[in-house]
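Chain by chain, the residues run as shown.
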Protein chains: 2
Amino acid sequence: MKVVLIGSGNVATHLATAFQANGHVILQVWSATLKRAVDLAEKVSSEPIQHLSQIYTEAELIVISVKDDAISEVVSQLEHVKAIVVHTSGATNISVIDGMSEYGVLYPLQTFSKDKPLDFKQVPLCVEGNSAACTAKLVAVAKSLSNTVYEVDSVKRRILHVAAAFACNFVNQLYVLSNELLEAQGLDFNLLRPLIKETADKVQHLQPLNVQTGPAVRHDEQTLKNHLELLQGQPELQHIYQSLSDSIKKSHQ
Amino acid sequence: MKVVLIGSGNVATHLATAFQANGHVILQVWSATLKRAVDLAEKVSSEPIQHLSQIYTEAELIVISVKDDAISEVVSQLEHVKAIVVHTSGATNISVIDGMSEYGVLYPLQTFSKDKPLDFKQVPLCVEGNSAACTAKLVAVAKSLSNTVYEVDSVKRRILHVAAAFACNFVNQLYVLSNELLEAQGLDFNLLRPLIKETADKVQHLQPLNVQTGPAVRHDEQTLKNHLELLQGQPELQHIYQSLSDSIKKSHQ
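Residues numbered from 1 in each chain as written. Chains lettered and ligands numbered in written order. Predicted model: local features only at pLDDT ≥ 70, side-chain atom pairs only at ≥ 80, totals over all residues. Heavy atoms only, no water.

Novice: Got a sec to walk through the relation of the copies chain B and chain A? Specific residues and values, please.
Specialist: The two chain copies are connected by a rotation around an axis plus a translation along it. In the superposition of chain B on chain A (RMSD 0.0 Å, axial shift 0.0 Å), the rotation amounts to 180 degrees. Here the transformation between the copies is reduced to the relation of a two-fold axis. When C-alpha positions in chain B are compared against the rotation axis, the closest is assigned to Val 171 of chain B, at 2.7 Å. In this assembly the copies share their binding face: 100% of the residues contributing to the interface of chain B also contribute to that of chain A. (Least-squares fit on C-alpha atoms with pLDDT ≥ 70 in both. Contact = heavy atoms within 4.5 Å.)

Here it is, written out as structure tokens:
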């Protein structure tokens, strides 16, 4: 497909590479900052543009991958296009795009960092179209990019987005806090890395509820008490410790 | 070395297998429940015993891998032994063992489930001995079992144990909660598994603070507000959402 990419952030960059690697053509790249459009366009043999009015009429798919609150402003400048227009946001309803005959959502459910390459074929793509025909086209495009494609409507997608905050952003914050505890004692974060990896590996095939370990699930009240004492003077950590221990107990009632 | 194993839980089972796989002999296995001692002993070509008084005098290393609050009771029954005596608990001081000439701690920093095999060579082993000579002996044993061996004293070990609760038990609970959110919408947990894996993979080489993503680190207040609204009627989830979002903001001030 002939694709125009709008945006130059982490998601746009990984998507651009995936489109190009799978036989699509990135016609043009737009970014609010021209320099960034130039950089990304160079990476995927494309042409940077400064104005959305420059989008070629031969474009077949326009991918909007900008900040959530900038999507509608971009959409309002796309009245002249005939392509399918999609955004890539987990938190945004499909209805932010309208006035087009075919539009939808292509939401890659993954955490992207520019410094960390990943296998896009393993990234779940959640697809929604404004009609059955459009959904079918988007599913076909998505399947060319990834091995795991799901049809997910806007209501379910926003729940998925909250769930991803728990499973990714909050999890990473727990890594941050554990790292801080170690650093204060001059201990190396490498000590925890195999544990972190195994904790994630375990739930790749098993249910998280069935593999819980540690003092809370054992109702080992003495260790829970000792841990809270060790965190004295760090009320934020004590609070998170207590909330999540209570949550574990509740899940295993 | 000639090893006697006291205990038959997850840690004891994985340790027994690791000792046997690396040229040590498991002389005997004791468990509070004889049937469990018999099962584990069979697995590692060993002899089950019913009473701690039956431990052979030729034993060189006795590994106590029972519940934390049962360690001292076991120790009180080992007065006749000449072996080095170690426990495997992260939360317990070395001083729970005394009256022996050589004793210490061999703490494997990993989450063990019986159903999930793992490469013990990758498990960090934290070692403490009651003397420099004993520590040296324990380091040598530990290096025969794992590629990553650290000397960690009792004060640091208990901090490590709290940090492990954050990086493993609480992380797994976040997986549980995200799974519940999906289930309520009829969505498949497979949607989140690649995200979970990538979140853990990222911090294997990078610092967690540097790879945070999502609405909280972007100070995207509208999305944070929308997420909290979506969790309406689930005060426990709202509370955890708020605490961890605040924590992310604080870490990135």
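Novice: So what's going on with helix H1 (residues 10-21) of chain A? Residues and values would help.
Specialist: Residue and element names in this part refer to chain A. The end-to-end C-alpha distance of H1 is 17 Å, a good match for the 16 Å that twelve residues give at a rise of 1.5 Å each. Among the residues of H1, Ala 12, Thr 13, His 14, Leu 15, Ala 16, Ala 18 and Phe 19 are the ones counted as buried. Each element contacted by the buried residues of H1 is listed here: strand S1 (2-6), strand S2 (25-30), helix H2 (34-43), strand S4 (61-64), strand S6 (103-108) and helix H4 (132-145). A positive backbone phi angle near 85 degrees is found at Gly 23, which sits one or two residues after H1. (Helix = DSSP H or I, 4+ residues; strand = E, 2+ residues; numbered from the N terminus. Expected span 1.5 Å × (residues − 1). Buried < 20%, exposed > 50% of the residue type's maximum accessible area, 1.4 Å probe, protein only.)

Novice: Quick rundown of the pattern of salt bridges? Include the residues and the values.
Specialist: Counted by the stated rule, this structure contains 21 salt bridges over all chains. With a shortest N-O distance of 2.7 Å, Asp 39 of chain A and Lys 35 of chain A are connected by a salt bridge. Remark: Lys 35 of chain A and Asp 39 of chain A occur in helix H2; sequence separation between them is four residues, near one turn of the helix. Between Lys 249 of chain A and Glu 221 of chain A there is a salt bridge, and its shortest N-O distance comes to 3.1 Å. Placement of Lys 249 of chain A in helix H8 (residues 235-251) and of Glu 221 of chain A in helix H7 (residues 221-230) is noted, with a sequence separation of 28 residues between them. For Lys 249 of chain A, a relative accessible area of 19% corresponds to the buried category. Connected through shared salt-bridge partners, Lys 197 and Asp 201 of chain A together with Lys 197 and Asp 201 of chain B make up one network. (Salt bridge = Lys/Arg side-chain N within 4 Å of Asp/Glu carboxyl O.)

Novice: With reference to specific residues and values, describe the sheet that holds S1 of chain A.
Specialist: Residues and elements named next belong to chain A. Strand order in this open sheet of eight strands is S3-S2-S1-S4-S5-S6-S7-S8, and the pairing throughout is mixed. Edge positions in the open sheet fall to strand S3 (47-49) and strand S8 (149-151), since each of these has one partner strand only. Neighbour-to-neighbour, the strand axes of the sheet open up by a mean angle of 25 degrees, direction not taken into account. One ladder, built from four bridges, connects S4 with strand S5 (residues 84-87); its direction is parallel. What sits directly across from Ile 64, in S5, is His 87. (Pairing = 2+ DSSP bridges. Axes fitted to C-alpha atoms, helices over the stretch in contact; angles between N-to-C directions.)

Novice: So what's going on with the packing of aromatic side chains? Residues and values would help.
Specialist: Under the criterion given, the structure shown has eight aromatic pairs over all chains. Between Phe 112 of chain A and Phe 120 of chain A the ring centres are 6.2 Å apart and the planes differ by 15 degrees, which places this aromatic pair in the stacked class. Measuring from centroid to centroid gives 5.0 Å for Phe 170 of chain A and Tyr 241 of chain B, while their planes differ by 75 degrees, and the two rings are edge-to-face. You can see Phe 170 of chain A sitting in helix H5 (residues 154-184) and its partner Tyr 241 of chain B sitting in helix H8 (residues 235-251), one on each of two chains. On the accessibility criterion, Tyr 241 of chain B (2% relative accessible area) is buried. Within the aromatic cluster, the residues linked to one another by ring pairs are Phe 166 and Phe 170 of chain A together with Tyr 241 of chain B. (Phe/Tyr/Trp six-rings, centres within 6.5 Å; stacked < 30°, edge-to-face > 60°.)

Novice: I'd love a proper account of the interface of chain B and chain A, names of residues and values included.
Specialist: Facing the 84 residues of chain B at the interface are 84 residues of chain A. Interface of chain B and chain A: buried area, both sides summed, is about 8500 Å²; carbon and sulfur atoms make up 66% of it. One salt bridge connects Lys 250 of chain B with Glu 236 of chain A, and the closest N-O pair in it is separated by 3.0 Å. Linking chain B to chain A there are 37 residue pairs in polar contact (both at pLDDT 80 or more). Contributing elements (two or more residues each) for the side of chain B that touches chain A: helix H5 (154-184), helix H6 (193-202), helix H7 (221-230) and H8 of chain B. Considering each element in turn, the side of chain B that touches chain A owes the most residues, 26 residues, to H5 of chain B. (Buried area = accessible area lost by both parts, 1.4 Å probe. Polar contact = N/O pair within 3.5 Å; in protein donor to acceptor, adjacent residues only side chain to side chain.)

Novice: Before we move on, can you summarise the sheet that holds strand S3 (residues 47-49) of chain B with the specific residues and values?
Specialist: Residue and element names in this part refer to chain B. An order of S3-S2-S1-S4-S5-S6-S7-S8 is seen for the eight strands of this open sheet, with the pairing classed as mixed. The open sheet is flanked by S3 and strand S8 (149-151), the only strands paired with a single partner. Averaged over neighbouring strand pairs, the angle between their axes works out to 25 degrees when direction is ignored. Bridge count between strand S1 (residues 2-6) and strand S4 (residues 61-64): four bridges; the pairing is parallel. Within the sheet, the bridge partner assigned to Leu 5 lies in S4 and is Val 63. Contacts between helix H2 (residues 34-43) and the sheet are confined to S1, strand S2 (25-30) and S3, with S3 contributing the most and set at about 165 degrees to the helix.

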